[in-house]
Amino acid sequence: MSVKITVSALAIAAVSATAAAARDNVQVAGSSTVLPYASIVAEAFGDNTDFPTPVVESGGSSSGLKRFCEGVGENTIDVANASRAIREKEVATCAENGVTDIIEVRIGYDGIVFASQQSGPAFTAFTPTDIFNAIGAKVLKDGQIVDNPHNSWSEFNADLPDAEIAMFIPGTKHGTREVFEEKVLLIGCEETGAMQAMIDGGMSEDDAEDACLDVRQDGKSVDIDGDYTETLARIDANNNGIGVFGLAFYENNTDKLKVATMSGVEPTTASIASGEYPVSRPLFFYVKKAHIGVIPGLKEYAQFFISDDLAGPNGPLANYGLVSDPELAKTQQMVADEKVMGADM
Amino acid sequence: MTDASMDSAPVQGSLTTVDARTRKRNAAEKRFKAYGLVAIMIGLFFLVVLAVSILRSGIPAFTQAEVRVEFTLTQEQFDEAESQMLKTKAYENLFIAALQSQLEERGLEVSFDPAAIERLLGKTGSTIREHFRENPNQIGTPVFFNLAASSRVDGYFKGRVTRDTLVDSRFLEVSDLDLVDALADAGIIVSAFNWNFITGSDSGVDNPGGAGIGVSVIGSFFMMLVVLALSLPIGVATSIYLEEFAPQNWFTDLIEVNISNLAAVPSIVFGILGLAVFIQFMHLPQSAPLVGGLVLTLMTLPTIIISTRASLKAVPPSIREAALGVGASKMQTVFHHVLPLAAPGILTGTIIGLAQALGETAPLLLIGMVGFIARAYPEGVVSGFIDPNSAMPAQIYTWAARADAGFYEKAWGGIIILLIFLLTMNIIAIILRRRFERRW
């Protein structure tokens, strides 16, 4: 019995000790795309400085930004990782909760690739049109807007294999979904003429745009809410499956996956950096300025992250698959000056 | 009744010869036994499949390809490396240069360049830096290092990476494998038992060779301490009160119904509750085993209460009556006679409740214990409770989501370790029950 009493006494002591002691590690949460890079940086930060290793949680861009905007204080996170820019609505929520000064840090770019089983059908070249015809909810067929009738890729593009359509796309909580919609579905919708046909059919432009982003719900396109490993597992089990991945994930799994070109361009760090490869997006993290100086190591972490040694073209992040930002020097200066969003825009 | 009387026609024949009806009943019994046997066989089959697949995927995590090299660091090199921002990288470069010159001295018959050596090595910098910072007296003298090889080289030793699958990889080239073969022949790269996997901490996504589960085992340990320290006394006190002292009325009925319902509540609900109450309202630290333990306590309490009440009920009333009869008070009866007899059952229930809590991930997701967290061993008991840490199942989940196949293997290895803990706990529960259980 006495052992148990000691243990409970310790637990109580721990509770009271917490109330007094300040948090001494940086707390990060957000995008699962940025997580790998953040964990590389966090490990190096812990190994190379006297600060404790930051805690990096996953959960998706939206959930990270939501937690970021919960308020200022030790029990809120300091940094939100995001694979898309913060939305105005989120900035407003932040402001409501007292998070007014936000530093936006762009760490580099990430390519989104379309890959299939190494031994599967020859999915080697796609265009946005193909993807839209395959998984759009309503497509243009014989001059008419109809519910997507396509079952196989060769039905709308003779160059593609006669294989059943099975796409695994990122779920709506992922920042990747937004890029996928904007740079693939919307463009495909415009290029096939479906969008024009919808507008001609009496839809407003905004409604037509929304309709373009609708994905068919008959099981040919599956939303993956988990990580890329889940997409990989689904493709492993489905010979015809095509998955949407980040470039880094694909490069780590070249033995299982083969990648398709998009509009004729092969996704590589070089083609993404030059802007040639069309489906890429910037990656960000957001820092709460109010926490700088309160949470030890916060500013140092931000500066460490975007230093040339880490985020530069020869750093470990680029080696893992991040496309480094040509304007890194500008971002470094911005973080050094702690310049907040909307300061001089 | 009428059916029975109609069926019980006068019995013909003798007891020694089996008539048709008896044969039918016997056949039905045999069939039933066969169904049972088949059910057990199916269950066993799946158990074997599960065990084999876990072992097959997980065993490789316990070995690691290592590079064994002697390395001398001069004082100037040490000062130079320490003056840089990315110190670990500086050490890594020094090590690569040293390894290259050693290989050249040995006169290996394959051509190689520093980039190839870099591709063979895992992240070596932090190990080297740690070593020389802790043992500054060894600067200038040759030190023997065992450093993890890169994930692809490790995979080559385990058969995960072959020359065929390496075609498109930019992390290791096919020509590098010739160098690996040569180094393996020379005894510089060897496959060894991976102690770091058992004792080490989590590592960055580009460093599967450095990842270990040790720190998250400690995280789980502190969580279980909290669960034990809170749920056992509270659970037992609740059960004793409800079972022995509480009047039978609508209020206690309501409590009973609620406890049974709580036992069936999905664990994620407790996670949300924990986030709202312990972190947002009480301002306890995020990612702390203390909060994890509190959340899991809520989850474990109903299990412990239900099993404790069952074992209290199993103590025969004659014991209570005898105690009361010789003049013991109600409390003396409970603490001197009923509780000791119920103790084995209570302990079993507690251990099973703890084992359940040990394997739980869902509630930890919401209180920040899943991610890149388990980095450093706590410095003391208090820091063990409040410093950010992960837990075993959370660590496994994190590894399973990483891109490098080396981490996938680690996830399976982690499952083996978690299962060993669970099995041990359950075996202890069984032994306790066998040893101390009284039958009446």
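To be clear, the structure that these remarks concern was listed above.
Remember, it's a predicted structure, so these values are computed and weren't measured experimentally.

Cut-off values and rules
Residues numbered from 1 in each chain as written. Chains lettered and ligands numbered in written order. Predicted model: local features only at pLDDT ≥ 70, side-chain atom pairs only at ≥ 80, totals over all residues. Heavy atoms only, no water. Core = buried A, V, L, I, M, F, W, Y, C linked by side-chain atoms within 4.5 Å. Buried < 20%, exposed > 50% of the residue type's maximum accessible area, 1.4 Å probe, protein only. Helix = DSSP H or I, 4+ residues; strand = E, 2+ residues; numbered from the N terminus. Domains from an automatic or database assignment. Pairing = 2+ DSSP bridges. Axes fitted to C-alpha atoms, helices over the stretch in contact; angles between N-to-C directions. Contact = heavy atoms within 4.5 Å. Buried area = accessible area lost by both parts, 1.4 Å probe. Salt bridge = Lys/Arg side-chain N within 4 Å of Asp/Glu carboxyl O. Polar contact = N/O pair within 3.5 Å; in protein donor to acceptor, adjacent residues only side chain to side chain.

**Student:** Lay out the nonpolar core in plain terms, naming residues and giving numbers.
**Tutor:** Taken as a class, soluble globular proteins show a tendency for nonpolar side chains to be buried jointly. Grouped together as the largest cluster of nonpolar side chains are 91 residues, with contacts concentrated most on F114(A), F126(A), I131(A), I135(A) and W153(A). It is helix α2 (residues 35–48) of chain A that contributes the most residues to this core, 8 residues altogether. There are two domains that each give this core at least three residues, and those are domain 1 (23–109 + 282–336) and domain 2 (111–280) of chain A. Formed by 48 residues, the second largest nonpolar core is a distinct cluster that contains M299(B), A357(B), F407(B) and L432(B).

**Student:** Could you give me a rundown of the sheet that holds strand β1 (residues 63–72) of chain B, with the residues and numbers involved?
**Tutor:** All names here are of chain B. Strand order across the open sheet formed by 3 strands is β2-β1-β3, with antiparallel pairing between neighbours. Each edge of the open sheet carries a strand with a single partner, namely β2 (142–148) and β3 (189–193). On average, adjacent strands in this sheet sit at an angle of 40° to one another, irrespective of strand direction. Two elements, β1 and β2, share 7 bridges in a ladder whose sense is antiparallel. Looking at β2, one finds that E66 is bridged to A148. Where helix α4 (residues 87–106) meets the sheet, its contacts fall on β1 and β2, and the angle it forms with β1 comes to roughly 85°.

**Student:** Just give me the short version of the interface of chain B and chain A, but keep the residues and values in it.
**Tutor:** In this assembly, 46 residues from chain B lie in contact with 49 residues from chain A. Both sides together, the interface formed by chain B and chain A hides about 4100 Å², and carbon and sulfur atoms give 56% of it. Contact with chain A buries area across many residues of chain B, yet Q286(B), F372(B) and A403(B) alone supply 15% of it, more than any other trio. Put simply, chain B and chain A have 3 salt bridges between them. E43(A) is the partner of R375(B) in a salt bridge, and the nearest nitrogen-oxygen pair spans 3.9 Å. At the boundary of chain B with chain A, the tally comes to 17 residue pairs in polar contact (both at pLDDT 80 or more). Elements that contribute at least two residues to the side of chain B that touches chain A include exactly α4, α6 (125–134), α10 (214–245), α12 (267–281), β4 (371–372) and α17 (381–386) of chain B. Broken down by element, the side of chain B that touches chain A gets its largest block of residues, 4 residues, from α17(B). In this structure, strand β2 (residues 55–57) of chain A lies alongside β4(B), joined through 2 bridges in antiparallel fashion. Residue E57(A) lies in a different strand from β4(B), and its bridge partner there is G371(B).

**Student:** Describe the side chain of T53(A), naming the residues involved and giving the relevant values.
**Tutor:** When you line up the elements, T53(A) lands in the loop between α2 and β2. If we skip the residues at most four places from it in the chain, T53(A) touches N25(A), A42(A), E43(A), G46(A), F372(B) and R375(B).

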